[in-house]
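One-letter residues, chain by chain:
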Protein chains: 2
Amino acid sequence: MKKVYVGMAAIIEKDDEFLVLKRSPKKDFEPEAWETVTGRLEKDESPVEGVLREVMEETSLEVEVVMPLDTGFFYRGGKEFPMVFIAYYCRYLKGEVKITWEHTEFKWISLSEALEMPELKYFHLMFKNLEKLKRYLPKDFRYSFSPPVYT
Amino acid sequence: MKKVYVGMAAIIEKDDEFLVLKRSPKKDFEPEAWETVTGRLEKDESPVEGVLREVMEETSLEVEVVMPLDTGFFYRGGKEFPMVFIAYYCRYLKGEVKITWEHTEFKWISLSEALEMPELKYFHLMFKNLEKLKRYLPKDFRYSFSPPVYT
């Protein structure tokens, strides 16, 4: 049996646009890369709680989680850092974007712009799955997630 | 930062029915409970690879992963065993069910039967999300998942 780190990504939509941010040159991993909000499980919490926390910490935005868009595995830096990630489609609820030391810039872009940004290559499959879903699902569609159990 | 175990569940569909299995009385956790196929990440592998492996090991079935249906957090037994889980909707491709020592019985049931089985209570939200999705998505809908990166 294997213990791993768990990372989350948030594809945040507001008025048909999506939030992308540029990682600070001070980051140890992938400095200056464009990305969506990402973060890691920091304590005993569900990935949905974790992604809501990270979105709030990194952008000050309140969002709701619609559904997962992708899952995967990679080494964050080295083999001693095995990481499972889950990417979530999130819907903007309220707030103004305030970035932190982790990012130097942000912008809202369309889905087709996201798919044309080579810097977002690790996020392209998530956006493609979202593009397919949006052909069929109603605007207010949303999963119910199992609540975390802490006993 | 937190390392956790990762568990996967597979909601396997074949001809509008879903596979459920009864856990063996020999299991340390939840003996004799009805469940879907479940398993854990056992090595450096993506959750999608892991769930395909577990389905093959526990049922001998070949399936494809359609999309995630739920994610969550619980303690498997005790606090020293924090577990993140990801449930996947899987589509039957081929094979005959062969169960192992881990299960004593299996059956194929309808979605509404699954929602009426109190023993499946931990799986009800997954089935409910699936029920909602099936109202909108075409029969052959399927995500593309990011391939695992082992370098």
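Now for a quick tour of the structure.

1. Digging into the environment of Val66 of chain A
Residues and elements named next belong to chain A. Take Val66: it is sitting in strand β5 (residues 62-75). Given a relative accessible area of 1%, Val66 falls into the buried group. Separated by 77 residues in sequence, Val66 and Tyr143 have C-alpha atoms that sit 5.7 Å apart. Not counting residues within four places of it along the chain, the set of residues in contact with Val66 comprises Tyr89, Cys90, Arg91, Phe141, Arg142, Tyr143 and Phe145.

2. A few points about a negative patch on the surface
All names here are of chain A. A contiguous patch of negative charge on the surface is contributed by Asp15, Glu17, Glu113 and Glu116. Mapped onto the secondary structure, Glu113 falls in helix α2 (residues 111-116). Glu113 sits in the partly exposed class, given a relative accessible area of 39%.

3. Here we look at the side chain of Glu35 of chain A
Residues and elements named next belong to chain A. As for its placement among the helices and strands, Glu35 is situated in strand β3 (residues 34-35). In this structure the side chain of Glu35 is engaged in a polar contact, spanning 3.3 Å, whose partner is the side chain of Thr38. Apart from the residues lying within four places of it in its own chain, the contact partners of Glu35 are Leu19, Val20, Leu21, Arg23, His103, Leu120 and Phe123.

4. Digging into the interface of chain B and chain A
The partner chain A presents 51 residues to the 50 residues of chain B that form the contact. A buried area of about 4500 Å², summed over both sides, lies between chain B and chain A, and 61% of it is on carbon and sulfur atoms. Of all residues in chain B, the largest losses of buried area upon contact with chain A belong to Met1, Lys3 and Phe73 of chain B, amounting jointly to 15% of the total for that side. Taken together, the connections running from chain B to chain A amount to two salt bridges.

5. Let's talk about the relation of the copies chain B and chain A
Rotating chain B by 180 degrees and moving it 0.0 Å along the rotation axis overlays it on chain A with an RMSD of 0.0 Å. The transformation relating the two chain copies, once decomposed into turn and shift, fits a two-fold axis. The share of interface residues of chain B whose copies in chain A are also at the interface is 100%, consistent with both copies meeting through the same surface.

6. Here we look at helix α1 (residues 47-59) of chain B
All names here are of chain B. Here α1 contains 13 residues, and its C-alpha end-to-end distance of 18 Å stays within 8% of the 18 Å for a straight helix at 1.5 Å per residue. Along α1, the residues classified as buried are Pro47, Val48, Gly50, Val51, Arg53, Glu54, Val55, Glu58 and Thr59. Where α1 terminates, the next one or two residues include Ser60, which has phi positive at roughly 65 degrees.

7. Points about helix α3 (residues 124-134) of chain A
For α3 of chain A, every residue scored as buried is listed here: His124, Met126, Phe127, Asn129, Leu130 and Leu133 of chain A. The elements touched by buried residues of α3 of chain A are β1 (3-14), β2 (17-23), β5, β6 (82-94) and α2 of chain A together with β5 (62-75) of chain B.

8. Some points on the pairing of β2 of chain A
All names here are of chain A. For β2, the tally of buried residues reaches six of seven residues, placing the bulk of the element in the interior. Counting the residues that bridge the hairpin from β1 to β2 gives two residues, and of these Asp15 lies at a positive phi of roughly 50 degrees. Two strands pair when backbone bridges link them, and β2 and strand β7 (residues 103-109) are joined in this way by six bridges, in the antiparallel orientation. Bridged to Lys22 within β7 is Glu105. Looking at chain direction, β2 and β3 are connected through two bridges and run antiparallel. Residue Lys22 lies in a different strand from β3, and its bridge partner there is Trp34.

Conventions adopted
- Residues numbered from 1 in each chain as written.
- Chains lettered and ligands numbered in written order.
- Predicted model: local features only at pLDDT ≥ 70, side-chain atom pairs only at ≥ 80, totals over all residues.
- Heavy atoms only, no water.
- Helix = DSSP H or I, 4+ residues; strand = E, 2+ residues; numbered from the N terminus.
- Buried < 20%, exposed > 50% of the residue type's maximum accessible area, 1.4 Å probe, protein only.
- Contact = heavy atoms within 4.5 Å.
- Patch = residues over 30% accessible without salt bridge, like charges linked within 9 Å, V, L, I, M, F, W, Y side chains within 5 Å.
- Areas by Shrake-Rupley, 256 points an atom, 1.4 Å probe, with all protein chains shown as cover.
- Salt bridge = Lys/Arg side-chain N within 4 Å of Asp/Glu carboxyl O.
- Lys, Arg positive; Asp, Glu negative; His and termini not counted.
- Charge placed at Lys NZ, Arg CZ, Asp CG, Glu CD.
- Polar contact = N/O pair within 3.5 Å; in protein donor to acceptor, adjacent residues only side chain to side chain.
- Buried area = accessible area lost by both parts, 1.4 Å probe.
- Least-squares fit on C-alpha atoms with pLDDT ≥ 70 in both.
- Expected span 1.5 Å × (residues − 1).
- Pairing = 2+ DSSP bridges.

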